[in-house]
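Summary of the model geometry
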Amino acid sequence: MRPGETFGHVTDAPIGVELEPGPPPEIPRSPRAIAWTRRRLSARRVWILYRKNAMGMIGLITLIFFIAVAVFAPLIAPKEGLEATCPCNGTPFSPPSWGFPFGTDNFGRSVFTLTVWGTRISLLVGLLATAISMLIGSVIGIVAGYYGRWPESVLMRLTDWFLVIPFLPLAIVLAAVLGRSLTVIIFVIGVTTWPSTARIIRAQVLSVKTRPYVERSRALGSSSWHLTTRHILPNVAPLIFANTILTVAIAILSESTLAFLGLGDPLSISWGTILDFAFGAGAAGAGQWWWLIPPGLAIVFVVLAFTLCGFALDEILNPKLRER
Amino acid sequence: MGTRRYILGKVAQAVLTLAFVMVFNFFLFRVLPGDPAALLLRGTTAFNPENLEEVRSDLGLDKPLPQQFLTYVTDTARFEFGESFYLRGATVSEVIGDRIWPTILLLGTSTIASAIIGLIIGIYGGWRHGSKFDVGSLSFTLFVYAMPEFWFGILVLMAFAGGVGPFPAIFPTGGYETPGADLSGWAHVTDILNHLFLPWMVLTIAYLGQYALIMRNSVIDVMNDDFVQTARAKGVREKQVLRHHVVPNALLPTMTLILLSLGFIFGGAITIEYVFSYPGLGLLTVQAIDAKDFPLLQGLFLLFSAAVIIANLIADVLYSYLDPRVRAA
């Protein structure tokens, strides 16, 4: 087939999705370039399906809003506002006003400033903890699924044990022993949330490794490393991605809970620590709703946004759900 | 495979898991950086070299590791977890024994209530999936899932115990009963219930969503089964199909999943008991964190884990009785 001909131009786009007739495929370059073209095309297909998912789009827009708040925090609210001694502070415990849209806390700090800056820490902890969790979960899932036999039984037994141990008590014990710091919180959430990921990934690896192209590659003499990183991993990656986004939601909720229980880093302000301070200062009894509602609502919106994005992606990428 | 063998296998698995938790618990306080004795004394006024030595020999930390492990195992088997640092003079098991009943009352009643309400919502949502009711209950479930329970608890506390704007402060702000009030009989019972109501309501609402979701999906699965179609073809009324064919079969997996959710419920109990200063194991955990009371934390962690493992075992065994196919598989 010469360039310019469209005959036989086959895509494996899902039914109902029409790709725009782009430029005709060029003469193949290197295998790697072909692989990247294929990946780009499939990413575009996912995006076309994703755009049609209303809930997923609402989640994505909310997420972009919060990421923007985190990135541009210094422009939205000056950092000095976090200091208890800042001359910019108002009267302690004052309800919302023009100068302080969310009112002030016990030091007279603007709750608006605290909430804006809390976005940074909450998102940071959520993302880093998820990265740890995904790394452990994916490696264990792939090794168990690929090698089978005794590595699988050992790793899956370990996974089952971690699944059974109640999450919050385990996280509390770990955080209490290791001390109060941001790194500890990230580590604790990371090492307690991986088991469900490991199980999902293992199930997918079991299905992928029996496919003909893996067998072919093995017949051509590929090493285990090549097989897992070049053939298995790219094919379980979409599922890892969807699962990652759902795990971020759990990590952010966990961070807020641990911080609320007084295990957070007292020096870095997250939504959880704001709630911890507010509750500790008796905001609930005194009816200081402006101090309690903004950080809590921020958690609800971010967790909802991640969950909606995750569900939407899962629906598109998860082969089990797609069949329905 | 026979029932006996199936159950024995499950029991062996549970024992193994419990052993893993115990080993984990043992090393958690010994392998981690730093001296456990220093860890116990950290931040207290008693932090000096003499006390350090004393604590070390008290805890048996000067002995070799295998011997320490043996002592730990035998002590645990006798429910001896050492002395609480927070409440001096009381052993960990005594402290836990004092606090366990409020937690059982709170978790028991709220789990039963949220399971019943959740199942009913799930049955109707699944039976008419796609309806306004279904979409509404799903959105509610999603919203509650995204909400930290403790935050919901704080708002409820502020509204109904603190009193804000139009909300009346009609409930006590916390505790198990009115302190100092020497009540007896019926007055005592209503006093306890009055204190129980707000945390009970928060936990019930926080968990009914997940039960509704599990039941809904289970109902939808069963509705697609052939026997439901057969029942309809025979001319059985829709109401009868739901009551006699769909619900009993959909209940099976749900009942066990409710038992399995105990791990999550403990998490909720910790934060909600703290918010309502309800003197159960959850509040005790928070107090142990604040006081750096490691023996107490260790005991609580072991207790929570053991409870979840036993609940898992009960779920497995119960399921094998309710659904004989599991044993055969």
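How each quantity is defined
- Every residue gets a number counted from 1 within its own chain, in the order that chain's sequence is written.
- All chains are assigned letters beginning at A, and all ligands numbers beginning at 1, according to the order in which they are written.
- With pLDDT at 70 or above as the cut-off, local features in this predicted model cover only qualifying residues; side-chain atom pairs require 80 or more to be listed or tallied, and sums for whole chains, interfaces and linings still use all residues.
- Working definition: helices are DSSP H or I runs of at least four residues, strands are E runs of at least two. Numbering for both runs from the N terminus.
- Exposure in this text rests on C-beta crowding, where 20 or more other C-beta atoms within 10 Å of a residue's own make it buried, 12 or fewer make it exposed, and counts in between make it partly exposed. The C-beta atoms are placed from the backbone.
- Here the contact rule is simple: place C-beta atoms from the backbone, and any two residues whose C-beta atoms are within 7 Å are in contact.
- For every element, the axis is a line fit to its C-alpha atoms; helices are fit only across the contacting stretch, and the angle between N-to-C directions ranges from 0 to 180 degrees.
- Working rule for angles: under 35 degrees goes down as roughly parallel, over 145 as roughly antiparallel, 65 to 115 as roughly perpendicular, anything else as oblique.
- Left-handed describes a crossing whose near helix is turned anticlockwise from the far helix by less than a right angle; the clockwise case is right-handed.
- The residue classification treats Ala, Val, Leu, Ile, Met, Phe, Trp, Tyr, Cys and Pro as nonpolar and Asp, Glu, Lys and Arg as charged. All others, Gly included, are polar.
- Under the definition applied here, buried Ala, Val, Leu, Ile, Met, Phe, Trp, Tyr and Cys residues are grouped into a nonpolar core through C-beta atoms within 7 Å.
- In a helix, the anticipated span is given by 1.5 Å times the number of residues less one.
- pLDDT is a residue-level measure of predictor confidence that goes from 0 to 100.

Looking only at helices and strands, chain B has 14 helices and zero strands in total. Counting helices and strands in the order they occur from the N terminus, chain B gives α-α-α-α-α-α-α-α-α-α-α-α-α-α. A burial count over chain B gives 36% of its 329 residues as buried. Looking at chain B alone, contacts between residues at least 24 apart form 70% of all its contacts between residues at least 6 apart.

Turning to the overall build of chain A, a few remarks are in order. Helix and strand counts for chain A stand at 13 helices and zero strands. Secondary structure elements of chain A, listed N to C terminal, follow the sequence α-α-α-α-α-α-α-α-α-α-α-α-α. Of all 324 residues assigned to chain A, the portion counted as buried reaches 42%. Considering only contacts within chain A whose residues lie at least 6 apart along the sequence, 67% involve residues at least 24 apart.

To continue, consider the packing of helix 10 (residues 224-260) of chain A against helix 11 (residues 271-280) of chain A. All names here are of chain A. Contact pair helix 10 / helix 11: the axes reach a minimum separation of 7 Å and the direction vectors enclose 30 degrees. The angle between helix 10 and helix 11 places the two elements in the roughly parallel class. Here helix 10 and helix 11 pass one another in a crossing that is right-handed. Note on element contacts: helix 11 touches helix 10 through Trp 271, Gly 272, Thr 273, Leu 275 and Asp 276, opposite Glu 255, Ser 256, Thr 257, Leu 258, Ala 259 and Phe 260. In terms of residue class, the contact of helix 10 with helix 11 is made up of five nonpolar, four polar and two charged.

This part takes up the nonpolar core. Ala 171, Leu 292 and Val 303 of chain A together with Ile 154 of chain B are the most contacted members of the largest nonpolar core, which totals 154 residues. Among the elements that take part in this core, helix 12 (residues 289-317) of chain A stands out by supplying 18 residues, more than any other. Residues within four places of Ile 154 of chain B in sequence aside, it is in contact with Phe 279, Ala 284 and Leu 292 of chain A together with Val 275 of chain B.

So, about the interface of chain B and chain A. In this complex, chain B contributes 39 residues to the contact, which on the side of chain A involves 32 residues. Contributing elements (two or more residues each) for the side of chain B that touches chain A: helix 1 (3-28), helix 6 (132-146), helix 7 (149-163), helix 11 (262-275), helix 12 (281-290) and helix 13 (294-322) of chain B. A class-by-class count of the residues in the side of chain B that touches chain A yields 28 nonpolar, ten polar and one charged.

The next thing to look at is the packing of helix 4 (residues 111-147) of chain A against helix 7 (residues 182-192) of chain A. All names here are of chain A. Look at helix 4 against helix 7: their axes get within 7 Å of each other, and the N-to-C directions meet at 40 degrees. Judged by the inter-axis angle, helix 4 sits oblique to helix 7. The hand of the helix 4/helix 7 crossing is right-handed. From helix 4, Val 125, Leu 128, Ala 129, Ile 132, Ser 133 and Ile 136 reach across to helix 7, where they touch Leu 182, Ile 185, Ile 186, Phe 187, Ile 189, Gly 190 and Val 191. In terms of residue class, the contact of helix 4 with helix 7 is made up of eleven nonpolar, two polar and no charged.

Another point: the environment of Leu 313 of chain A. All names here are of chain A. Mapped onto the elements of the fold, Leu 313 is located in helix 12. In the structure, Leu 313 is positioned 154 residues away from Thr 159 in sequence and 25 Å away in space, judged by C-alpha atoms. Excluding its chain neighbours within four sequence positions, the residues that come into contact with Leu 313 are Phe 241, Ala 242 and Ile 245.

Let's shift gears to helix 5 (residues 149-164) of chain A. Between its terminal C-alpha atoms helix 5 of chain A stretches 23 Å, which fits the 22 Å expected from 16 residues at 1.5 Å a residue. Along helix 5 of chain A, the residues classified as buried are Thr 159, Phe 162 and Val 164 of chain A. On the buried face of helix 5 of chain A, the contacting elements are helix 4 and helix 8 (194-208) of chain A together with helix 1 and helix 13 of chain B.

Attention shifts here to unusual backbone geometry. Even without being glycine, Ser 277 of chain B reaches a positive phi, approximately 30 degrees. Residue class for Ser 277 of chain B comes out partly exposed when judged on the 15 C-beta atoms lying within 10 Å of it.

Here we come to the confidence of the model for chain A. Here chain A averages 81 in pLDDT, and 89% of its residues register 70 or above. Overall, residues 1-13 of chain A carries pLDDT values under 50, and its contacts beyond four positions in sequence, including any with other chains, amount to 13 contacts.

We now examine the environment of Pro 295 of chain A. Residue and element names in this part refer to chain A. Along the polypeptide, Pro 295 turns up in helix 12. Between the C-alpha atoms of Pro 295 and Arg 44, which are 251 residues apart in sequence, the distance is 36 Å. With residues near it in sequence (within four places) discarded, Pro 295 still touches Thr 115, Gly 118, Trp 271, Ile 274 and Leu 275.

Mean pLDDT over chain B works out to 80, with 86% of the residues at or above the 70 mark. Predicted complex, confidence summary: ipTM 0.83, pTM 0.83.

Okay, the environment of Thr 119 of chain A next. Residue and element names in this part refer to chain A. Mapped onto the fold, Thr 119 is located in helix 4. Here Thr 119 falls in the buried class, since 23 other C-beta atoms lie within 10 Å of it. Linking Thr 119 and Val 69, residues 50 residues apart in sequence, is a C-alpha distance of 7.1 Å. Aside from chain neighbours lying at most four places away, what touches Thr 119 is Phe 66, Val 69, Ala 70, Ala 73 and Ala 298.

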